[in-house]
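Fold and geometry: a report
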Amino acid sequence: MVWTGTWVAERLGVELIGDEELPALLGLALRRNPKRAHLLVSSVLGKHVPQRPSVVYGSGLDLGRRVRALLGDEEAARSVVLGYAETATALGHAVADGLGLAPYLHSTRRPVAGVARAGGFEESHSHATSHLLLPEDPKLLAGDGPLVLVDDEFSTGNTVLNTVRVLHERYPRDRYVVVALVDMRSASDLGRLDAFAAEIGARVDLISGAAGTVRLPEGVLEKGQALVAEHETAYEPADATRGPGAAPVRVELGWPAGIPDGGRHGFTPEHRATLEAALPAMADRLAEALSDLPATKEPSTTEPATQGPATQGPATGAPATQGPADPAPAPPTGPRVLVLGFEELMYAPLRLGTALEDAGHDVRYSTTTRSPVLAVDDPGYAIRTRLVFPAHDDPADGPGDRYAYNVAGAGFDAAVVVIDSTADTPALHAPDGLLAQLAAHIPRVVLAVVPSYAPSTPYTPQDSDSEAPERSSMLPEPLRGPAFSSYAPEEVGWLLQDLSDVELEAPTEEREEAIQSGGAHYAESLPVEYQPSARYQELFHSALESSAARIARAVGTVTETVLAERPGRAPVLVSLARAGTPVGVLMRRWAAARHGLDLPHYAVSIVRGRGIDANALRWLAAHHDPADVVFVDGWTGKGAITRELADAIKAFEAAEGVTGFDPEIAVLADPGSCVRTYGTREDFLIPSACLNSTVSGLISRTVLRADLVGPDDFHGAKFYRELAGADVSNDFLDAVAARFDEVTGTVDTEVKELLSTDRTPTWEGWAAVERISEEYGIHDVNLVKPGVGETTRVLLRRVPWKILAKRGADADLAHVRLLAEQRGVPVEEVDELPYSCVGLIHPRFTRGATGADGKAVVSQ
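Here is a short report on the structure shown in this document. Only a predicted model underlies this, so the values are computations on that prediction, with no experimental measurement involved. (Residues numbered from 1 in each chain as written. Predicted model: local features only at pLDDT ≥ 70, side-chain atom pairs only at ≥ 80, totals over all residues. Heavy atoms only, no water.)

Let's talk about the overall build of the protein
Quick note on the threshold: Helix and strand assignments come from DSSP, with helices taken as H or I runs of at least 4 residues and strands as E runs of at least 2, each series counted from the N terminus. Exposure classes here rest on a 1.4 Å probe applied to the protein chains alone. A residue is buried below 20% of its type maximum, exposed above 50%, and partly exposed in between. In this description, contact between two residues means that some pair of their heavy atoms is separated by no more than 4.5 Å. All accessibility values rest on the Shrake-Rupley procedure with a 1.4 Å probe; residue burial counts only the protein chains present in the view.
If you tally the helices and strands in the protein, you get 22 helices and 34 strands. Going through the 860 residues of the protein one by one, you find that 60% of them count as buried. The contacts of the protein with a sequence gap of at least 6 include a subset with a gap of at least 24, amounting to 78%. Here the protein has roughly 32,300 Å² of accessible surface; of this, 51% comes from carbon and sulfur atoms.

And the structure:
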């Protein structure tokens, strides 16, 4: 039989390496996803590939029994099983059934009115990433017994480890068990589990059905995306319906009262016993609706392979794995029936399928899904056909397409569609809905509706006997060096996602034209990293040597001011990436050197016109008191980011109900008089403004683009590891910190003076920018970049028109003049400028308009 990964493997060079049974368990397909193009398609999960219900259920039961054997009955009775939406909701439930003694909960992507969130987390590689935890009993996760986490595939381990890390902070326990159908970790990821266990001081075991890895050649993401684009309209026979079929038949199941439809709010062993007793009668009602159908003797040639670990025996007993000497089971009789579940609702239809199979029917089981996957009608490809239909459960993330794979053309005589009552909507019954799509390909469609479970005593935040907050965060932990940035791990945690493998750079002129034409936002791409010449590097080191003490004094002044304004409290420093990050690190170093404080320090993204990263704020609110957060930046120009932050905090508080964040920014230099907390209001050269990533931990400017950053993702950034040879990030920090002792006395004097003076912002910088914008015919304050730092950014990242230099400010402008010379940009001396210099971006930019006259010049 042809392996269902052959088509992808031959075209992309992808290799499946590991246990002998892996090709029978996994096929390959392609999907349009900017993070991972290939999809491992399980033949025993019951999601994309219709499979015998006994095989799907037996796979989970077997894993659950292995967990019980590992833990022993006493520990198994104290455990909780947690499954992951959407693909592992039934698998996790089957593991809990195999364990036999433990309650079960699965994450969900469907908010439920009246049920507070006991948590949430992200799955970075998934098509849809946002998970919620909504237990009816908020204490379900609060015990200290083993936590068993179940997913279909253990690849990098990020999702599971992030979940464990945050739950362990709130509810520490001694033991965790990770369960997966397949362990597909790469060699580089194999040691992470042991290291993580040592880090949190707990035992973490892993149980899987099979193990291996996927070997991906270089450039596979781009090649896969190109292959999807080439074939996504070539093999779609199932997308075109064959005309209306028969109307669906509705069957009243007689679902037992009070039994949850799944594990969204928790499912106990008592619930399990009641459901087991009711299954045969419900199967009889379904069988009656199928009784007059003739059997199809041969399945269609488009039916994908459904081989897997063969299991037999009653659904509630131990499945006996068939070996070569085992007698073959009697073939089922009657019509070929598909039991089709619905997204997260996988367990109820699976158990109905096992009950039908136990009664002797020829049954396959699969479910609909949110995940868009390319369909290719080839025996060597895991997804042969697809049906596309609109979402029909009023999803929280809005309308969109949903899919059913390998259903059309598979020779089914009947489809039993099992949904919950929330999803029994007009959209389900519409002419383009799921039922109509199925009826066009399958002679009989039966609809069975399970009542959506509503917790009888929904938790509210006022419940005094519970510690569960109304909203918690299980977003990924901060990225840290050396894996992300050249800073030491304790210096800063980056609340960002790593986009290092994504091509984001664009030529400066192309970016400028797109930005000014309204075709793109500046945060949707990155400028090509400026590589300084030997002469420019000499200027940087000379400037650092001459200004280190001055910077140290400003660092000390702003840090002492922050501490004085919060007596008795340890502030949490939150830098605005990336210019604020070196300043935040230096402030942290000052607090440690002068006061012995170990201040938390994070870096977050803020984007002009888009606001601050709300998910980063959620993470901070879950881990710290918002009142302790101090936002840090390098300098102010005209104060645009200051205003952006204030507006963003106000909007966040209104949307989330989280209060306490202070929108004030603490900066090293405030020449625009835009903030109250600063080290100086002089506009002088801060050497960290002279360079880009090579003085900022090798991190790019932050990125916010819809196809890369979802509504529940951190903003992104790149780590330029390849520039390590030119990195001076720690040289800059060390040079400034070495001058702390000599400026201590001066700092104490300046802080006393500052605290006794009126520091109310005058916004004179903003007024100057408005005046310059009009005087020079620009009429757009966003194209006027005041101050040494902003002028340097214009010369490094944008298309400058001209530079205004304050007469007599030459000491701080040597690097600006050199950059202007290299780019052919004129420098105009002016009087009465509140800044040392101002950079002007060409107001009517077309590609090549880099000089003052709008004509092209050649960079040197």
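Structural notes on helix H16 (residues 614-623)
Buried within H16 are the following residues: Asn615, Ala616, Leu617, Arg618, Trp619 and Leu620. On its buried face, H16 sits against strand E24 (572-577), strand E25 (601-607), strand E26 (611-612), strand E27 (629-635) and helix H17 (640-656).

Focus: helix H8 (residues 220-231)
Note the threshold: A helix's residues, less one, multiplied by 1.5 Å, set its expected span. For this quantity, the arc is that covered by the directions from the helix axis to the C-beta atoms.
The terminal C-alpha atoms of H8 lie 16 Å apart, and with 12 residues this matches the ideal 16 Å at 1.5 Å per residue to within 8%. Among the residues making up H8, those that are buried are Val220, Leu221, Gly224, Leu227, Val228 and His231. Summarising the axial view, the buried residues of H8 lie within an arc of 125 degrees, below the 170-degree limit, and thus occupy one face. Turning to H8, the residues buried within the fold contact helix H1 (6-12) and strand E2 (26-30).

Topic: unusual backbone geometry
Of note, the bond from Ala85 into Glu86 is cis; its omega dihedral lies within 30 degrees of zero at -5 degrees. With respect to the secondary-structure elements, Glu86 resides in the loop between strand E4 (80-83) and helix H5 (89-99). Ala577 connects to Arg578 through a cis peptide bond whose omega is 0 degrees. For Arg578, the position within the fold is in the loop between E24 and helix H15 (580-595). With phi around 60 degrees, Asn406 is a residue other than glycine that occupies positive phi space. Position of Asn406 relative to the elements: it lies in the loop between strand E17 (401-405) and strand E18 (414-420). Asn406 gets classed as buried once you look at its relative accessible area, which sits at 1%.

Quick word on the sheet that holds strand E34 (residues 837-841)
Hydrogen bonds along the backbone pair up the strands of a sheet, which may run parallel or antiparallel. Note the threshold: Pairing between strands requires that DSSP locate at least two bridges from one strand to the other. Lines are fitted to the C-alpha atoms to define the axes, a helix being fitted only along its stretch in contact, and any angle between axes, read from their N-to-C directions, falls within 0 to 180 degrees.
In spatial order, the strands read E31-E34-E32-E33; together these four strands make up an open sheet with mixed pairing. Edge positions in the sheet fall to strand E31 (784-786) and strand E33 (827-830), since each has one partner strand and no second. Neighbouring strand axes in the sheet, compared pairwise and without regard to direction, differ in orientation by 20 degrees on average. Direction of pairing for strand E32 (residues 800-806) relative to E33: parallel, over a ladder of four bridges. Each residue of the ladder has a partner; that of Leu804, found in E33, is Glu828. Lying over the sheet, helix H22 (residues 814-823) contacts E32, E33 and E34, oriented at roughly 150 degrees with respect to E32.

Remarks on the sheet that holds E4
Read from one edge to the other, the open sheet built from six strands follows the order E1-E10-E9-E8-E4-E5, with strand pairing classed as mixed. Strands at the two margins of the open sheet, each flanked by one partner only, are strand E1 (15-18) and strand E5 (104-106). Between one strand axis and the next, the sheet turns through 25 degrees on average, direction left out of account. Direction of pairing for E4 relative to strand E8 (residues 147-154): parallel, over a ladder of four bridges. Residue pairing for E8: Val80 is matched across the bridge by Leu147. Packing against the sheet, helix H6 (residues 158-170) makes contact with E4, E8 and strand E9 (175-183), and its axis sits at approximately 160 degrees to E8.

Thoughts on the packing of aromatic side chains
Rule in force here: A pair of aromatic rings is counted whenever rings of Phe, Tyr or Trp (Trp by its six-membered ring) have centres within 6.5 Å, and the orientation is called stacked for planes under 30 degrees apart, edge-to-face for over 60 and tilted otherwise. Note on geometry: a ring has a charge over it if NZ (lysine) or CZ (arginine) is within 6 Å of the ring centre and within 35 degrees of the ring normal.
Summed over the entire model, instances satisfying the criterion amount to 10 aromatic pairs. Here the aromatic rings of Tyr487 and Trp494 are separated by 6.4 Å at their centres, their planes lie at 5 degrees, and the arrangement is stacked. Look at Tyr487 and you get buried, because its relative accessible area is 1%. Put simply, the rings of Phe484, Tyr487, Trp494 and Phe719 pair up and form one aromatic cluster. Sitting over the face of the ring of Trp766, Arg643 holds its NZ or CZ atom 4.1 Å from the ring centroid.

Points about the environment of Val449
Within the secondary structure, Val449 sits in strand E19 (residues 444-450). Val449 sits 28 residues away from Ser421 along the chain, and the two C-alpha atoms are 5.8 Å apart.

Digging into the nonpolar core
We apply this condition: For this analysis, a nonpolar core means a set of buried residues of the types Ala, Val, Leu, Ile, Met, Phe, Trp, Tyr and Cys, connected via side-chain atoms within 4.5 Å.
Counting 136 residues, the largest nonpolar core has Leu30, Val81, Val148, Leu286, Tyr381 and Leu438 as the members making the most contacts within it. Ranked by residue count, the leading element in this core is helix H9 (residues 269-290), at nine residues. Non-local contacts of Tyr381, meaning those with residues more than four positions away in its chain, are made with Thr4, Trp7, Val8, Leu28, Ala29, Leu30, Val373, Leu374, Ala375 and Val376. Leu499, Leu526, Ala666 and Leu685 belong to the second largest nonpolar core, which has 74 residues in total.

Considerations on the pairing of strand E10 (residues 203-215)
Counted only if it meets this: Looking down the strands as they point away from the viewer, one classifies a crossover as right-handed if the path from the first strand across the helix to the second runs clockwise.
The pairing of E1 with E10 spans four bridges and is antiparallel. The residue bridging Gly18 from the neighbouring strand is Gly212, located in E10. Inspection of the sheet shows E9 paired to E10 by eight bridges, in the parallel sense. Bridged to Tyr176 within E10 is Val204. Handedness of the crossover is the feature at issue here: the chain leaves E9, passes through helix H7 (residues 192-200), returns alongside E10, and the resulting connection is right-handed.

Overview of the pairing of E27
Most of E27 sits inside the fold, with seven of its seven residues counted as buried. By the bridge criterion, four bridges tie E24 to E27 in an arrangement that is parallel. Within E27, the residue paired with Val574 across the bridge is Phe631. Looking at chain direction, E27 and strand E28 (residues 665-669) are connected through four bridges and run parallel. Bridging across to E28, Phe631 finds its partner in Ile665. Between the parallel pair E27 and E28, the chain is carried across by H17, and the sense of this crossover is right-handed.

This is a description of form; function is not addressed.
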